[in-house]
There are 2 protein chains.
Amino acid sequence: MRKVITISRQFGSGGREVAKKLAESLQIPYYDKSILAKIAQKTEFSEEYIDSIVENKGTLELALTYNNTFISTAYYSPIEEVQRAQREVLEHLAEKSDCVMVGRASNHILKDIAFKVFIYSSDMDKRIDRCFNKVPEDKLTVSRLAMEKRIIKIDKKRAKYNKIYSDEKWFSMNNYHLCIDTAKIDIDTAVAIIVEAVK
Amino acid sequence: MRKVITISRQFGSGGREVAKKLAESLQIPYYDKSILAKIAQKTEFSEEYIDSIVENKGTLELALTYNNTFISTAYYSPIEEVQRAQREVLEHLAEKSDCVMVGRASNHILKDIAFKVFIYSSDMDKRIDRCFNKVPEDKLTVSRLAMEKRIIKIDKKRAKYNKIYSDEKWFSMNNYHLCIDTAKIDIDTAVAIIVEAVK
């Protein structure tokens, strides 16, 4: 079968590592931040701006003026432009070849062809450990509690982003075909499971 | 690793079939209705009564009388007795050997040793089809809509039963290590995935 595999993930669950290793194992391209760069190129918005669209609810307020006098406020929603570009980029990549994609609502946009995986971790302590392990020791300035708050905040952002595309909650199984708990299943086994699933 | 695998499942998802084939594939015992029979034996309640404990909230009303005169109402909660017997039965089976268990809150009761799988189906039509396929054609008297209602009702019962043991909702990934959508993944592949996961 075609292998367009989307990986959605809780922050600190190791989802990105699973995705990279999966792409290596299947010898197919891996797309992640590069999707954002391609959308930025298409829309001429900055990557940061595209990334922040969920926060600012995707609406720009424009003050309409005439001879420096305020007339009224107009609203412009660049989110539609970004969404169109996002769809084009993802569909183009999926058509080009089998691949592994991380994030950017690829599970929703490519739902008709994708094999949709969710990587989560039922153990918050392990998620915190994983996050700390990624940071060089001399740069460790935050407490475990602060890291936990950060994890929860990023997950909330992802859940909010999911809402643009689906009535199902981000954490609901119904958005995915296979959900893997890395608190119990190590990264290499997670990769092997997905390889088995898409055989 | 030890292989005590619990299978929880949406009604009509094929979870029981996955569990049976998994036990065959791993050549380990499969426990399902037999757990209920063993609890019945231990408690001397009937299987039907044990099964209905969620519905009647597990409390029996007893009228206290003296010389045929009503004095007051006493409440007796057999649920604790059933739960104790259930825990003993499940722990005994898990100690005896590797095994596959379906339902009866085995994922909660054996959470420290079990590999916990959830089988679901994101496609209600396929669930209805699966239920119809199990019934001999000459006994098909219900409509698709009635079958759907039945599926939803049974899932609600399972969700309610889950509440006795967990603050996490029944359908939440956090109760499980691996969740498989049989709307996308066929039964044999689901079995192969679990085998890979517990290797």
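The structure we're discussing is the one just above.
The notes below deal with the structure included here. (Residues numbered from 1 in each chain as written. Chains lettered and ligands numbered in written order. Predicted model: local features only at pLDDT ≥ 70, side-chain atom pairs only at ≥ 80, totals over all residues. Heavy atoms only, no water.)

## Overview of the relation of the copies chain A and chain B
Rules: In superposing the copies, a least-squares fit is computed on C-alpha atoms, taking residues whose pLDDT is at least 70 in both. Two residues form a contact once any of their heavy atoms are found within 4.5 Å.
With an axial shift of 0.1 Å and an RMSD of 0.1 Å, the rotation relating chain A to chain B amounts to 180°. When the rotation and shift are considered jointly, the pair of chain copies conforms to a two-fold rotation axis. Both copies present the same face, since 100% of the interface residues in chain A are matched by interface residues at the equivalent positions in chain B.

## Considerations on the sheet that holds strand E2 (residues 30-31) of chain A
This is how the line gets drawn: When DSSP finds two or more bridges between two strands, those strands count as paired. By definition, any uninterrupted DSSP run of H or I lasting at least four residues is a helix, any uninterrupted run of E lasting at least two residues is a strand, and each is numbered from the N terminus. Axes here mean lines fitted to C-alpha atoms, for a helix over just the part in contact, with angles spanning 0 to 180 degrees between N-to-C directions.
Pairing is mixed across the open sheet formed by 10 strands, whose spatial order is E2(A)-E5(A)-E1(A)-E6(A)-E7(A)-E7(B)-E6(B)-E1(B)-E5(B)-E2(B). Where the open sheet ends on each side, the last strands, each with one partner, are E2 of chain A together with strand E2 (30-31) of chain B. Strand direction decides the pairing type here: strand E1 (residues 4-9) of chain A and strand E5 (residues 99-102) of chain A, joined by four bridges, are parallel. Pairing of Ile5 of chain A across the sheet is with Val100 of chain A, part of E5 of chain A. Contacts from helix H4 (residues 78-96) of chain A reach E1, E2 and E5 of chain A within the one sheet, and its direction differs from that of E5 of chain A by about 155°. Each of E1, strand E6 (115-120) and strand E7 (178-181) of chain A together with strand E7 (178-181) of chain B is contacted by helix H8 (residues 187-197) of chain A, which is oriented at about 165° to E7 of chain A, the strand it contacts most.

## Things to note about the packing of aromatic side chains
Definition in use: A pair of aromatic rings is counted whenever rings of Phe, Tyr or Trp (Trp by its six-membered ring) have centres within 6.5 Å, and the orientation is called stacked for planes under 30 degrees apart, edge-to-face for over 60 and tilted otherwise. Buried, partly exposed and exposed residues are distinguished by accessible area as a fraction of the type maximum, computed with a 1.4 Å probe on protein chains only: under 20%, between the cut-offs, and over 50%, respectively.
Considering all chains together, one arrives at 14 aromatic pairs over all chains under this definition. With a centroid separation of 5.9 Å and 80° between ring planes, the pair formed by Phe118 of chain B and Phe171 of chain B is classed as edge-to-face. Residue Phe118 of chain B is located in strand E6 (residues 115-120), and its partner Phe171 of chain B is located in the loop between helix H7 (144-163) and E7; the two are separated by 53 residues in the primary sequence. Classification of Phe118 of chain B as buried rests on a relative accessible area of 0%. The partly exposed category is assigned to Phe171 of chain B, whose relative accessible area is 23%. Through a chain of ring-to-ring contacts, the aromatic side chains of Phe118, Tyr120, Trp170, Phe171 and Tyr176 of chain A assemble into a single cluster.

## Some words on the nonpolar core
Definition in use: In plain words, nonpolar cores are sets of buried Ala, Val, Leu, Ile, Met, Phe, Trp, Tyr and Cys residues tied together by side-chain atoms within 4.5 Å.
Grouped together as the largest cluster of nonpolar side chains are 46 residues, with contacts concentrated most on Ile5, Ile7 and Leu178 of chain A together with Ile5, Ile7 and Leu178 of chain B. Contacts of Ile7 of chain B, omitting those with residues within four sequence positions, involve Gly15, Ala19, Leu22, Val100, Met101, Val102, Gly103, Val117, Ile119 and Ile194 of chain B.

## Some thoughts on the environment of Lys116 of chain A
Residue and element names in this part refer to chain A. Looking at the secondary structure, you find Lys116 in strand E6. Judged by its relative accessible area of 11%, Lys116 falls in the buried class. For the pair Lys116 and Ser106, spaced 10 residues apart in sequence, the C-alpha to C-alpha distance is 8.8 Å. Residue contacts for Lys116: discarding those within four places in its chain leaves Thr6, Asn107, Lys111, Asn175, Tyr176, His177 and Leu178.

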